[in-house]
Amino acid sequence: MPGVVVVGAQWGDEGKGKATDQLGDRVDLCVRYSGGNNAGHTLVVGGETFVMHLLPSGILNPGTTTVIGNGVVVDLDVFAEELQTLVSRGVEVPHPLISANAHIITEYHKVLDKVTERFLGKRRIGTTGRGVGPAYSDKVNRMGVRIQDIFDESILRQKVEAALDQKNQLLVKVYNRRPIEADAIVEALLAHAENIRPHVIDSGRFINDALDRGEVVLFEGAQAHHLDVDHGTYPYVTSSNPIAAGACTGAGVGPTRIDRTIGIAKAYTTRVGEGPFPTELHDEDGDRLRRDGGEFGATTGRPRRCGWFDALVVEQAVKINGFTDVFLTKLDVLSGWERIPVCVAYDVDGTRHDVMPVTQSDFHHATPVYEELPGWSEDISACRDFGELPANCRAYVKRLEELIGCRISGIGVGPGREQTIIVNDLL
Ligand code: GDP
Ligand code: IMO
Ligand code: MG
């Protein structure tokens, strides 16, 4: 079963990195297909913590080849730094590959991300400030700079100058900032050319050839369903398609090559940045979830907004992504609650909704209707088998399965690679 996609089912930080890493050396190719270094994927291996922002999470498995697909936006400084950090920590780095067609995040994208957010004030998105949105805007606007452009100085210069002709007007006249010099940008990008060259491939062909050979290719999603620019809580979203279908465009594979889509869902809900979040807790219960779950952003360090599991949010992701399996993470964090509320419907201005409402306005007005499930007091972090979990904990998992309409095939009971319960084989 070669083509497998891993997708966040909520608003990000569900534990996609850990889920990807623990699938281990059965994965031949691990491919990032969307987003950029706005992602922060945490892997805990042998007590050591690694956070991947751009490199695929399969990178710690020596038998796995990693690929940054065409759908990713690449900050070349981050690529070099992340690789260097791994090397300095003694990781045997298996030479990550990059698509020649991936777009580059330049300095002006980062500047624009920050000034735009400041300009928006109260209407800001709460972006990670990594230049991801502006880089995708340029891609769609047909004024982006691609990885392959850094191997052709005259093309690179033309593209950067054309982009800056427009952006400097915006920076100077609208945002009252200093213009950015094209020369400095071109020099900075050219400085990467020789180091990057050995990593650059035609990733579409490479990935399809691996699938033709029957190899296991894992497409690692970043961000999540509800941050998807088409399917998420627009405009409070990222600027790409993290959903499973995004693997087709962002890696260059046909839908027939995807055999399995695995949704990663936290046993409760978190969100970073702005935007609606019906089950958000503004009280001590929210603080307790944040403390017990260590819910602080892996990229920006921001405290994550915390709330109860919202079955409608995950059910929507199950439907649109066609999840064959869900991997439920951080179940261990819920130990010690007497009762655990789960959102099973919304009340929107007096009307009950059993699935997510059609319009964003209704979603903004949604009040959760909770079902309270009995909790458990035992520490479950050493459990490795579904049968070892306390009865109420198993009942919680079973009830979530019913509510979201998808089987739960993996369960996370701690951050460590081995702190996983496999209910149904994922590969
Ligand atoms: P990602 O962006 O989806 O990869 O998730 P992040 O790495 O941003 O955030 C998930 C956090 O939860 C990280 O600190 C992980 O180490 C941690 N984590 C992942 N799975 C589990 C789990 O099952 N239990 C606990 N307690 N922590 C987990
Ligand atoms: P991983 O892969 C959580 C959020 C930002 C902001 C919005 C837009 O670790 O799950 P952007 O910088 O993408 O333009 O910001 O999306 N966001 C994430 N939230 N986890 C992520 O990645 C995120 N990547 C972006 O907080 O609300
Ligand atoms: Mg994260």
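- The name given to the protein in an unreviewed UniProt entry is Adenylosuccinate synthetase, and the organism recorded there is Arachnia propionica.
- UniProt's Pathway (unreviewed entry) comment on the protein is quoted here verbatim: "Purine metabolism; AMP biosynthesis via de novo pathway; AMP from IMP: step 1/2."
- In its Catalytic activity (unreviewed entry) section, the UniProt entry covering the protein states "IMP + L-aspartate + GTP = N(6)-(1,2-dicarboxyethyl)-AMP + GDP + phosphate + 2 H(+)".

**Description of the site of ligand 1**
Moving on, step 1. Near ligand 1 you find 19 residues, and of these G15, K16, G40, T42 and D332 are the closest.
Moving on, step 2. Contacts to ligand 1 include E14, whose backbone N or O atom sits 3.1 Å from an oxygen atom.
Moving on, step 3. Protein contact buries 92% of the 580 Å² of open area that ligand 1 shows by itself.
Moving on, step 4. When residues of the shell around ligand 1 are assigned to their parent elements, the largest contribution, three residues, is made by helix α1 (residues 16-22).
Moving on, step 5. A class-by-class count of the residues in the shell around ligand 1 yields four nonpolar, eight polar and seven charged.
Moving on, step 6. Composition of the shell around ligand 1 by domain shows at least three residues from each of domain 1 (4-101 + 199-262) and domain 3 (264-422).

**Overview of the UniProt feature "binding site: substrate" (unreviewed entry) in the protein**
Moving on, step 1. Using the residue numbers shown here, the UniProt feature "binding site: substrate" (unreviewed entry) corresponds to A298, T299, T300, G301, R302, P303 and R304.
Moving on, step 2. Residue position: R302 is located in the loop between α10 (284-293) and β13 (305-307).
Moving on, step 3. Contacts of R302, omitting those with residues within four sequence positions, involve G126, T127, T128, V272, G273, E295, F296 and G297.
Moving on, step 4. A distance of 2.8 Å separates the side chain of R302 from the backbone oxygen of G126, its partner in a polar contact.
Moving on, step 5. Mapping R304 onto the fold places it in the loop between α10 and β13.

**Some thoughts on the site of ligand 2**
Moving on, step 1. Of all residues adjacent to ligand 2, which total 20 residues, the nearest are K16, H41, T128, Q223 and T238.
Moving on, step 2. In this structure, K16 approaches ligand 2 through a side-chain N or O atom, which is 2.7 Å from an oxygen atom.
Moving on, step 3. Between ligand 2 and H41, the relevant distance is 2.7 Å, taken from an oxygen atom to a side-chain nitrogen or oxygen of the residue.
Moving on, step 4. Alone, ligand 2 offers 550 Å² of accessible surface; in the complex the protein occludes 97% of this.
Moving on, step 5. Residues belonging to the shell around ligand 2 are distributed by class as follows: seven nonpolar, 10 polar and three charged.

**With respect to the coordination of the magnesium ion (ligand 3)**
Moving on, step 1. Coordination of the magnesium ion (ligand 3) by the protein involves D13 (OD) and G40 (O), with metal-donor separations of 2.0 to 2.2 Å. Of this pair, D13 sits in the loop between β1 (3-8) and α1 while G40 sits in the loop between β2 (29-32) and β3 (41-45), placing them 27 residues apart in sequence.

**A look at the pattern of salt bridges**
Side chains that differ in charge, positive against negative, can pair when their charged atoms come close.
Moving on, step 1. This model, assessed by the stated rule, comprises 28 salt bridges.
Moving on, step 2. The shortest N-O distance in the salt bridge between R157 and E153 comes to 3.1 Å. Of this pair, R157 and E153 both sit in helix α5 (residues 153-174), four residues apart, which is roughly one turn of the helix.
Moving on, step 3. Ionic pairing is found between E295 and R304, a salt bridge with its closest N-O pair at 2.7 Å. For the pair E295 and R304, a shared accessibility class is recorded, and that class is buried.

**Let's talk about the domain arrangement of the protein**
Moving on, step 1. Under the domain assignment used here, the protein contains domain 1 (4-101 + 199-262), domain 2 (103-196) and domain 3 (264-422).
Moving on, step 2. Using only C-alpha atoms to locate each centre, domain 1 and domain 3 end up separated by 23 Å.
Moving on, step 3. At the interface, 40 residues of domain 1 touch 43 residues of domain 3.
Moving on, step 4. Together domain 1 and domain 3 conceal approximately 3100 Å² of surface at their shared face, both sides included; 56% is due to carbon and sulfur atoms.
Moving on, step 5. Per-residue buried area on domain 1 facing domain 3 is highest for Q10, W11 and K18; these three make up 23% of the total on that side.
Moving on, step 6. Where domain 1 touches domain 3, the interface holds three salt bridges.
Moving on, step 7. Put simply, R304 and D13 hold a salt bridge, and the shortest N to O gap is 3.1 Å.
Moving on, step 8. Elements supplying a minimum of two residues to the side of domain 1 that touches domain 3: β1, α1, β3 and β11 (260-266).

Calculation criteria
- Residues numbered from 1 in each chain as written.
- Chains lettered and ligands numbered in written order.
- Predicted model: local features only at pLDDT ≥ 70, side-chain atom pairs only at ≥ 80, totals over all residues.
- Heavy atoms only, no water.
- UniProt positions renumbered as here; feature names shortened; annotations may be inferred.
- Near = heavy atom within 4 Å.
- Polar contact = N/O pair within 3.5 Å; in protein donor to acceptor, adjacent residues only side chain to side chain.
- Areas by Shrake-Rupley, 256 points an atom, 1.4 Å probe, with all protein chains shown as cover.
- Helix = DSSP H or I, 4+ residues; strand = E, 2+ residues; numbered from the N terminus.
- Nonpolar A, V, L, I, M, F, W, Y, C, P; charged D, E, K, R; others polar.
- Domains from an automatic or database assignment.
- Contact = heavy atoms within 4.5 Å.
- Donors = N, O, S within 2.8 Å, 3.2 Å for Na, K, Ca; no water.
- Salt bridge = Lys/Arg side-chain N within 4 Å of Asp/Glu carboxyl O.
- Buried < 20%, exposed > 50% of the residue type's maximum accessible area, 1.4 Å probe, protein only.
- Buried area = accessible area lost by both parts, 1.4 Å probe.

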